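Chain by chain, the residues:
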Amino acid sequence: ALQIPRAPGPITFDGKRDDWPGTPPERLGPDRLVEGADAAGLEAAFRLCWDDANLYLMAEISDATPMQNAHQGDSIWSGDGLEVFIGHEQPDQPGPLLFTDRQVLLSGGLVEGEPQWYYAHAPEQHDCGLTVVPNVDGKGYVIEAAIPFAALGMAPAEGQTLLFDLALDNSNDGNSRSCQLMWNGIARNSADRTHWGRATLGK
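Since we're looking at a predicted model, the values are computed, not measured.

A.B. asks: Teacher, can you tell me more about the overall build of the protein chain here?
C.D. replies: For the protein chain, the helix and strand inventory stands at 0 helices and 13 strands. Listed N to C, the secondary structure of the protein chain is β-β-β-β-β-β-β-β-β-β-β-β-β in terms of helices and strands. In summary, the protein chain has a C-alpha radius of gyration of 15 Å against a globular reference of 17 Å for 203 residues, a match within 12%. Seen through its C-alpha atoms, the protein chain measures out along the principal axes to roughly 40 × 40 × 30 Å.

Written as structure tokens, this is what we have:
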């Protein structure tokens, strides 16, 4: 479980932590490997915050072959990137996803220079503020995203508890996924919410 603090002000999408809350990041490491034989040094430190309009996510990702993702739409999970799982109704109910649950795919790559995202299990697609910035040393990248609560089908409220999970997908060639790390759940997260974690919208 984690607490998501309110954003202290506007978030600038530049791959830097300057305007983010000072809350320590959550770690997503090789010990959370749920798919693939070897994490191969893959890991991430991620932060979340929120305001009345958006859920914000920043992930600093270590990856020996960064930003490998040639996919668009519902195939984004096959390359480098993140999968955000959010459920705002009946958080204590296990089993198959509810109609209102969302899986947000955030590509770690660019297609023709543009970032890619997709809202799975959603009746319509919404815009997403998304920036992908390579590390200067070539050994990773940073994803910053503003996911509208409208796209999640919910109105946020302080103290609200959500089902939440985060997957880190890795590809060596941009075409197929080689491994996956999951913050709390299992490889079947996209079909089963039983093992999703919890997040509370804080002050």
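A.B. asks: Mind showing me how you'd approach the pairing of strand S7 (residues 102-111) here?
C.D. replies: Across a regular strand the side chains alternate sides, sitting on one face of the sheet and then on the other. Counted residue by residue, S7 has 9 buried out of 10 residues, so it is predominantly covered. Looking at chain direction, strand S6 (residues 81-87) and S7 are connected through 6 bridges and run antiparallel. Across the sheet, residue Gly 81 finds its bridge partner in S7, namely Ser 107. Looking at chain direction, S7 and strand S8 (residues 114-120) are connected through 6 bridges and run antiparallel. Opposite Gln 103, over in S8, you have Ala 120 as the bridge partner. Where S7 folds back onto S8 in an antiparallel hairpin, the turn is made up of 2 residues, including Glu 112, whose phi is positive at roughly 55°.

A.B. asks: Help me understand the side chain of Gln 103, please; the structure alone is not making it clear to me.
C.D. replies: With respect to the helices, strands and loops of the structure, Gln 103 is situated in strand S7. Looking at Gln 103, the relative accessible area reads 7%, which means it is buried. Within the local environment of Gln 103, its side chain forms a polar contact with the side chain of His 121, the two groups lying 3.1 Å apart. Not counting chain neighbours up to four residues away, the residues in contact with Gln 103 comprise Glu 83, Val 84, Phe 85, Tyr 118, Tyr 119, Ala 120, His 121 and Ser 190.

A.B. asks: I keep staring at the sheet that holds strand S9 (residues 129-134) and nothing clicks. Help me out?
C.D. replies: The strand order S2-S4-S5-S10-S9 describes an open sheet built from 5 strands, whose pairing is antiparallel. Strand pairing shows two members of the sheet lacking a second neighbour, strand S2 (26-28) and S9, which therefore form its edges. Pairwise comparison of adjacent strand axes, ignoring direction, gives a mean angle of 15° for this sheet. Pairing geometry for S2 and strand S4 (residues 43-50), over 3 bridges, is antiparallel.

A.B. asks: What am I meant to see in the environment of Ser 178 here?
C.D. replies: In this fold, Ser 178 is placed in the loop between strand S11 (161-170) and strand S12 (179-182). Taking relative accessible area as the criterion, Ser 178 reaches 30% and is therefore assigned partly exposed. Measuring from C-alpha to C-alpha, the distance between Ser 178 and Ala 40 comes to 9.7 Å, with 138 residues separating the pair along the chain. Ignoring anything within four residues of it in the chain, the contact list for Ser 178 reads Glu 35, Gly 36, Asn 170, Ser 171 and Asn 172.

A.B. asks: Any chance you could explain the pairing of S9 here in plain terms?
C.D. replies: Alignment of S9 against strand S10 (residues 140-148), held across 6 bridges, turns out to be antiparallel. Bridged to Val 132 within S10 is Ile 143. Taken together, S9 and the strand that follows it, S10, pair antiparallel across an intervening segment of 5 residues, in which Gly 138 is found at a positive phi of about 75°.

A.B. asks: I'm lost on the pattern of salt bridges in this one. Help?
C.D. replies: Side chains that differ in sign of charge can pair as their charged atoms come close. Inspection of every chain in the model, using the stated rule, returns 11 salt bridges. Asp 92 is the salt-bridge partner of Arg 198, the closest N and O atoms lying 3.1 Å from each other. Residue Arg 198 is located in strand S13 (residues 197-201), and its partner Asp 92 is located in the loop between S6 and S7; the two are separated by 106 residues in the primary sequence. On the basis of relative accessible area, Arg 198 is assigned to the partly exposed category, the value being 27%. On the accessibility criterion, Asp 92 (66% relative accessible area) is exposed. In this structure, Arg 188 engages Asp 192 in a salt bridge whose closest nitrogen and oxygen atoms are separated by 3.4 Å. Residues joined by salt bridges that share partners form a network here, namely Glu 35, Glu 83, Asp 169 and Arg 177.

About the thresholds
- Residues numbered from 1 in each chain as written.
- Predicted model: local features only at pLDDT ≥ 70, side-chain atom pairs only at ≥ 80, totals over all residues.
- Heavy atoms only, no water.
- Helix = DSSP H or I, 4+ residues; strand = E, 2+ residues; numbered from the N terminus.
- Rg over C-alpha atoms; globule rule 2.2 N^0.38 Å.
- Buried < 20%, exposed > 50% of the residue type's maximum accessible area, 1.4 Å probe, protein only.
- Pairing = 2+ DSSP bridges.
- Polar contact = N/O pair within 3.5 Å; in protein donor to acceptor, adjacent residues only side chain to side chain.
- Contact = heavy atoms within 4.5 Å.
- Axes fitted to C-alpha atoms, helices over the stretch in contact; angles between N-to-C directions.
- Salt bridge = Lys/Arg side-chain N within 4 Å of Asp/Glu carboxyl O.

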